[in-house]
Amino acid sequence: MSSRTVIRGGLVITASDEIHADVLIEDSRITALATPGAQNWSADRTIDATGKYVIPGGVDAHTHMELPFGGTFASDTFETGTRAAAWGGTTTIVDFAVQSVGHTLREGLDTWHAKAEGNCAIDYAFHMIVSDVNQETLKEMDLLIEEGVTSFKQFMAYPGVFYSDDGQILRAMQRSAENGGLIMMHAENGIAIDVLVEQALARGETDPRYHGEVRKALLEAEATHRAIRLAQVAGAPLYVVHVSAMEAVAELARARDEGLNVFGETCPQYLFLSTDNLAEPGFEGAKYVCSTPLRPKEHQARLWRGLRTNDLQVVSTDHCPFCFTGQKELGRGDFSRIPNGLPGVENRMDLLHQAVVDGHISRRRWIEIACAAPARMFGLYPKKGTITPGADADVVIYDPHAEQVMSAETHHMNVDYSAYEGKRVTGRVETVLSRGELVIDQREYTGRAGHGVFTPRSTCQYLT
Ligand code: URP
Ligand code: ZN
Ligand code: ZN
Ligand code: ZN
């Protein structure tokens, strides 16, 4: 049985074009674009997109469903988190499987497959967090790449948990220079930060805002610089995750001017929130504790500029939700015990559309940083991230004029607060298709757990 869907009359926006076109979907794929009204395609379903945008489903290349962290677990499961993603116009997530110290990559990957399989509303893929670099791990990296897990996150932060030292980082980078893998770096000097944490707590500085003070921008910039030079020595490409400090953007910009294959990701929280949120009274600041931390507002302009000049290529969410009640509260009286992470998988496409409305980026740049670039960076293009014949029919009908107010009362993420509570934005997801199936139909959820499948990736397609 084949099914045909036609989307008529919308403005099709990709990273490269904006064209008024009708879109034909046959089964799970986009098969044709045509001048509006020019083709008399028969269809089982016709979607009228007049006055709306027709955009590729979002690709969120950084999520942590069910992540174990600080004695608890991120509160979205693959089921709740991918449903919320769909509500927000995201049709692919790349989540992080975790190798725990003393275990193999295989064990970690199997565990994450078991969490996700049969539970996802949209398609998913995995990166691998490498916490224990040894000869066995290095060999396993090659095997994972063959299975479509082609990127590996290392941490210069969190000593004793995820941390790798410079030698371990260099070895993993050397391996990825050979096997085509992409090293993703959490760039913060965790050894120095731990000293500052201890000293702050000894001074009685226990409130959430001190999380931002000890995790200094200079220590993000220093680690970013070190990661860049280690990658240069290894001859490997590098992708720096959750960049928040203007000094770190400057390191990336300089390396790129030198012609290095160095890339940067930032997240909506760094573009729209600041240390003012961390300083909110009555422990409210705990809602905004993540690492790298939120920065003073003046950093935001540098991030926007980086996104415009392509010194930053991708905006992902680092979605890692912890409820305020019972989870963030673990850190009352000691900011270092607040689980790190913010919810956002449902908010990213809308916040970045607001950035279009606010004049920070163009519409095509919106699609580039939220869909096409992450798909290319992580080997999913053009299956994901664009609207073109042959691509998966992951398509969003977006109403650019609808007004909404972000709130925990109305969001679908399994977390008891919104980092953007009360924020008014223009634009809203109306309808979402994932591989040709309706997941959101005019703001009704019609998806199902288990529709989403594991999507193996090729190696990075973004290298110069
Ligand atoms: O605070 C954060 N970002 N939590 C998730 C783990 C990570 O470092 O990405
Ligand atoms: Zn084991
Ligand atoms: Zn990180
Ligand atoms: Zn993360």
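Relevant structure appears above.
Residues numbered from 1 in each chain as written. Chains lettered and ligands numbered in written order. Predicted model: local features only at pLDDT ≥ 70, side-chain atom pairs only at ≥ 80, totals over all residues.

Colleague: Would you mind going over the overall build of the protein with me for this structure?
Modeller: The number of helices and strands found in the protein is 13 helices and 18 strands. By principal-axis analysis of the C-alpha atoms, the protein measures approximately 70 × 50 × 40 Å. (Helix = DSSP H or I, 4+ residues; strand = E, 2+ residues; numbered from the N terminus.)

Colleague: How should the site of ligand 1 be read in this particular structure?
Modeller: Close to ligand 1 lie H64, H186, H242, C290, S291, D318, C320, N340 and G341. Looking at side-chain class alone, the shell around ligand 1 contains 2 nonpolar, 6 polar and 1 charged residues. (Near = placed C-beta within 6 Å. Nonpolar A, V, L, I, M, F, W, Y, C, P; charged D, E, K, R; others polar.)

Colleague: I tried to follow helix α1 (residues 78-87) on my own but got confused; where do I start?
Modeller: Owing to its 3.6 residues per turn, the α-helix aligns residues three or four sequence positions apart on the same side. With 10 of its 10 residues buried, α1 lies for the most part within the structure. Of the residues making up α1, those classed as buried are F78, E79, T80, G81, T82, R83, A84, A85, A86 and W87. Looking at the buried side of α1, the elements it contacts are β6 (58-63), β9 (90-98), α2 (105-116), β10 (123-129), β17 (424-434) and β18 (437-440). G89 lies just past α1 and shows a positive phi near 85 degrees. (Buried ≥ 20, exposed ≤ 12 C-beta atoms within 10 Å, placed from the backbone. Contact = placed C-beta atoms within 7 Å.)

Colleague: Teacher, can you tell me more about the packing of helix α8 (residues 246-257) against helix α11 (residues 298-309) here?
Modeller: Helices that pack against each other are described as a pair by the angle of their axes relative to one another and the distance between those axes. At a closest axis distance of 9 Å, the pairing of α8 and α11 adopts a crossing angle of 25 degrees. One finds that α8 runs roughly parallel with respect to α11. Crossing of α8 against α11: the hand is left-handed. Seen from α8, the contacting residues are M246, V249 and A253; seen from α11, they are H299, R302, L303 and G306. (Axes fitted to C-alpha atoms, helices over the stretch in contact; angles between N-to-C directions. Parallel < 35°, antiparallel > 145°, perpendicular 65-115°, else oblique. Left-handed = near helix turned anticlockwise from the far one by under 90°.)

Colleague: Help me understand the packing of helix α7 (residues 217-234) against α8, please; the structure alone is not making it clear to me.
Modeller: The contact between α7 and α8 brings their axes to 7 Å, and the two run at 20 degrees. Considering the angle they form, α7 stands roughly parallel to α8. Crossing hand, α7 versus α8: right-handed. Contacts between α7 and α8 involve A217, L218, E220, A221, T224, H225 and I228 from the former and E247, A248, E251, L252 and A255 from the latter. Classifying every residue of the contact of α7 with α8 gives 7 nonpolar, 2 polar and 3 charged.

Colleague: Please clarify how the nonpolar core should be interpreted in this entry.
Modeller: General note: in soluble globular proteins, nonpolar side chains tend to be found buried as a group. One finds V23, V54, M128, I183, A227, A231 and L238 to be the most contacted residues of the largest nonpolar core, which totals 147 residues. If we ignore the near neighbours within four places in the chain, the residues touching I183 are F152, Q154, A172, M173, S176, A231, A236 and L238. (Core = buried A, V, L, I, M, F, W, Y, C linked by C-beta atoms within 7 Å.)

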